[in-house]
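So you can see what is in the structure, the chains are spelled out below.
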Amino acid sequence: MIKNVVFDMGNVLLNFRPEFVMDRFCSSDEEKDAIRRELFNGPEWALADKGVIKDKDRYDLVKPRVPEKFHAALENCANHWDVCMDPIEGAKDFCDYVKEKGYKVYVLSNASDLFYDYFPKFLPLDYFDGVFVSADYLMLKPDIEIYRTFLAKYDLKGEECLFIDDRMDNIEGAIKAGINAVQFKGDYEAIKPYLN
């Protein structure tokens, strides 16, 4: 019996759209290609989500791999990437629906320390029964240990949880940890049958 609903954050509750950021701060496709490759797809992104580096350190670490003429755009993208983190349509309503149905609600997200700046603009942290950010624990989904640590922290049973994530590798990691999981494909209505 499901008692707890566990949300991923990026592309489940909030949009994560690097293209939106680059459209705002970059002036050419060449600039976007370099910044996409080195910032958003570079190793520092995962290192910040894992808590090995701070979000504010990304620019200095990525800068040597990007042509100097792109440094201004890179700095803007690195320091203001969270401008894209707006709520997915219907996200708040779905969270309210889940709570009204009597489920406890949690967040389990791969995210850097900047999470605590932008996420509370969506919903206050105390709205949730627990918020588990990867950077705080030096681990990342889909490593099975992050799910086990999450369950232990909040004294939850995997079989009583439904985990919602947009990425299949994260879904598979949750299932390996004994957690019920469903992939989010942009439609909250499609999740509701899993709650009844």
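As the structure is a prediction and not an experimental result, all values here were calculated from the model.

Chemist: Teacher, can you tell me more about the nonpolar core here?
Modeler: Soluble, globular proteins show a tendency: their nonpolar side chains are buried together. Core analysis: the largest hydrophobic core is formed by 54 residues, its most contacted members being Phe-7, Tyr-118, Phe-119 and Ile-164. When residues of this core are assigned to their parent elements, the largest contribution, five residues, is made by helix 6 (residues 91-100). Discounting chain neighbours no more than four positions away, the residues touching Tyr-118 are Met-9, Leu-14, Trp-81, Asp-82, Met-85 and Ala-111. Phe-132, Leu-151, Cys-161 and Ala-177 belong to the second largest nonpolar core, which has 17 residues in total.

Chemist: Where do I start with the packing of helix 1 (residues 18-25) against helix 2 (residues 29-40) in this structure?
Modeler: A pair of packed helices can be characterised by two numbers: the angle between their axes and the separation between those axes. It is the contact of helix 1 with helix 2, at a shortest axis distance of 10 Å, that shows an interaxial angle of 135°. By the angle class used here, helix 1 and helix 2 are oblique. In this structure, helix 1 meets helix 2 at a crossing whose hand is right-handed. On helix 2, the residues that touch Pro-18, Glu-19, Val-21, Met-22, Asp-23 and Phe-25 of helix 1 are Glu-31, Lys-32, Ile-35, Arg-36 and Phe-40. Per-class residue counts for the contact of helix 1 with helix 2 are six nonpolar, no polar and five charged.

Chemist: I tried to follow the sheet that holds strand 5 (residues 180-183) on my own but got confused; where do I start?
Modeler: Pairing between the strands of a sheet is mediated by backbone hydrogen bonds and can be parallel or antiparallel. Pairing is parallel in the open sheet, where five strands are placed in the order 3-2-1-4-5. Only two strands of the sheet have a single partner each, and these edge strands are strand 3 (130-133) and strand 5. Going across the sheet, the axis of each strand differs from the next one's by a mean of 20°, ignoring polarity. For strand 1 (residues 4-7) and strand 4 (residues 161-165), the ladder comprises four bridges, and the chain directions are parallel. Paired with Phe-7 across the strands is Ile-164, a residue of strand 4. Of the strands in this sheet, strand 1, strand 2 (104-109) and strand 4 are in contact with helix 6, which crosses strand 1 at around 160°. Here helix 9 (residues 168-176) sits on the sheet and contacts strand 4 and strand 5; the angle it forms with strand 5, its principal contact strand, is near 170°.

Chemist: Explain helix 2 here, please?
Modeler: One turn of an α-helix holds 3.6 residues; hence residues three or four places apart share an orientation. For helix 2, the set of buried residues is Glu-31, Lys-32, Ala-34, Ile-35, Glu-38, Leu-39 and Phe-40. All buried residues of helix 2 lie within an arc of 165° about the axis, which places them on one face of the element. Elements that come into contact with the buried residues of helix 2 comprise helix 1, helix 3 (43-49), helix 4 (58-62) and helix 5 (71-80).

Chemist: It is not clear to me how unusual backbone geometry should be interpreted in this structure. Could you clarify?
Modeler: For the peptide bond that leads from Lys-141 to Pro-142, omega is 10°, which places it in the cis range. At Asp-155, a position not held by glycine, the phi torsion is positive, near 55°. Turning to its location among the elements, Asp-155 is positioned in the loop between helix 8 (144-154) and strand 4. Asp-155 sits in the exposed class, given a relative accessible area of 71%.

Chemist: Explain the pairing of strand 4 here, please?
Modeler: Along strand 4, five of the five residues are buried, which leaves the element largely enclosed by surrounding structure. By the alternation rule, side chains of strand 4 split into Cys-161, Phe-163 and Asp-165 and Leu-162 and Ile-164, which are all buried. Bridge count between strand 4 and strand 5: four bridges; the pairing is parallel. Note on strand 5: the bridge partner recorded for Leu-162 is Asn-180. A crossover connection joins strand 4 to the parallel strand 5 through helix 9; in handedness this β-α-β unit is right-handed.

Parameters and conventions
Residues numbered from 1 in each chain as written. Predicted model: local features only at pLDDT ≥ 70, side-chain atom pairs only at ≥ 80, totals over all residues. Heavy atoms only, no water. Core = buried A, V, L, I, M, F, W, Y, C linked by side-chain atoms within 4.5 Å. Buried < 20%, exposed > 50% of the residue type's maximum accessible area, 1.4 Å probe, protein only. Helix = DSSP H or I, 4+ residues; strand = E, 2+ residues; numbered from the N terminus. Contact = heavy atoms within 4.5 Å. Axes fitted to C-alpha atoms, helices over the stretch in contact; angles between N-to-C directions. Parallel < 35°, antiparallel > 145°, perpendicular 65-115°, else oblique. Left-handed = near helix turned anticlockwise from the far one by under 90°. Nonpolar A, V, L, I, M, F, W, Y, C, P; charged D, E, K, R; others polar. Pairing = 2+ DSSP bridges. Arc of directions from axis to C-beta. Right-handed = clockwise from strand over helix to strand, strands pointing away.

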